[in-house]
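# Coordinate analysis (summary)
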Amino acid sequence: MARSESSERIRSTTVIFVRRDGKGAMAGDGQVTLGETVIKSNARKVRRISGGKILAGFAGSTADAFSLLSRFETKLEQFQGQLERAAIELSKDWRTDKFLRSLEALLIVSDEKDAFLISGKGDVIASDDGLLAVGSGSSYALAAARALMRNTPLSAREIAAEALKIAGEICIYTNSDIIVEEI
C-alpha cells in the first residue's frame, strides 16, 4: 500500500500568542510528527530573538521555519528592530522570491506592543482581539483562548499555556510539552 504524499509530510505544532493587560505571552508545544509517527516530542518552536526584545514562534516544516526565522532576524537588523516594518519586508520577499515561495511555514512575531502572523502569501496579520495562532492545533487553541479571555481573569501567560494544553487534548499533532515565553 502506497502512502500518500500528505501522510509523509512533517507536521509540527501549535503556537499561540495572547496579549492581555499589557503583557504578551507566546506558547508552543513540542511535538513534531512525520506521517503517523511522533519523531520528536520536545522541539522548541517559540524563541526570543533580537536580544530578547522579540518573541517568534513558528509552525510548519522545521527547516523552512528556521530559514524564515533567520531571514526575519536579518530584516529586524536591517530595519533597526522595527517589528512591523521587518514583518512587511519579509512578507514581500516571501511572496516574490522563487526560493522563499516554496517554504512551508508560518511565523508569529511579537514585541512589547505589536504582534503579527506572517504568511508566504504576503499576509501580515495583526490581531483584533489580542490572539494569534498557527499550526495544526491552532483553531483549538484559539477557541480555548477566546473562551478563557472572555470568562476568566487569567494572565496572558496562563491563558496561552492552558489554551495549548486544551489543543493538545484534541489535536493529534499537538502535545503537552509546552514552552511559554512572555514579553
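Below is a summary of the structure that appears in this document. (Residues numbered from 1 in each chain as written. Predicted model: local features only at pLDDT ≥ 70, side-chain atom pairs only at ≥ 80, totals over all residues. Heavy atoms only, no water.)

### With respect to the sheet that holds strand β2 (residues 14–20)
Spatially, the 4 strands line up as an open sheet ordered β11-β2-β3-β12, and their pairing is antiparallel. The open sheet has two free edges, formed respectively by β11 (131–135) and β12 (179–182), since each of these has just one partner strand. Strand-to-strand, the axes of this sheet are offset by a mean angle of 10 degrees, without reference to chain direction. Strands in contact with helix α4 (residues 138–151) are β2 and β11; relative to β2, the strand with the most contacts, it is inclined by about 20 degrees. Where helix α5 (residues 156–170) meets the sheet, its contacts fall on β2, β3 (23–28) and β12, and the angle it forms with β2 comes to roughly 155 degrees. (Pairing = 2+ DSSP bridges. Helix = DSSP H or I, 4+ residues; strand = E, 2+ residues; numbered from the N terminus. Axes fitted to C-alpha atoms, helices over the stretch in contact; angles between N-to-C directions. Contact = heavy atoms within 4.5 Å.)

### A closer look at the pairing of strand β8 (residues 105–110)
Of all 6 residues that make up β8, 5 are buried, and the element is covered over most of its length. As paired elements, strand β7 (residues 54–60) and β8 share 6 bridges and run antiparallel to each other. Residue pairing in the sheet places Phe58 in a bridge with Leu107 of β8. Sheet analysis places β8 next to strand β9 (residues 115–118), joined by 4 bridges and oriented antiparallel. If you follow Ser110 over to β9, its bridge partner there is Ala115. Hairpin connection, β8 to β9: the antiparallel pair is bridged by 4 residues. (Buried < 20%, exposed > 50% of the residue type's maximum accessible area, 1.4 Å probe, protein only.)

### Considering the nonpolar core
Counting residues in hydrophobic clusters, the biggest one holds 21 residues, and the most contacted among them are Ile49, Leu68, Phe72, Leu107, Val109 and Ile118. Other than its neighbours up to four places away in sequence, Val109 contacts Met26, Leu55, Ala56, Phe72, Leu83, Asp114, Ala115, Phe116 and Ile118. With 18 residues, the next largest nonpolar core counts Ile16, Leu131, Ala144 and Ala145 among its residues. (Core = buried A, V, L, I, M, F, W, Y, C linked by side-chain atoms within 4.5 Å.)

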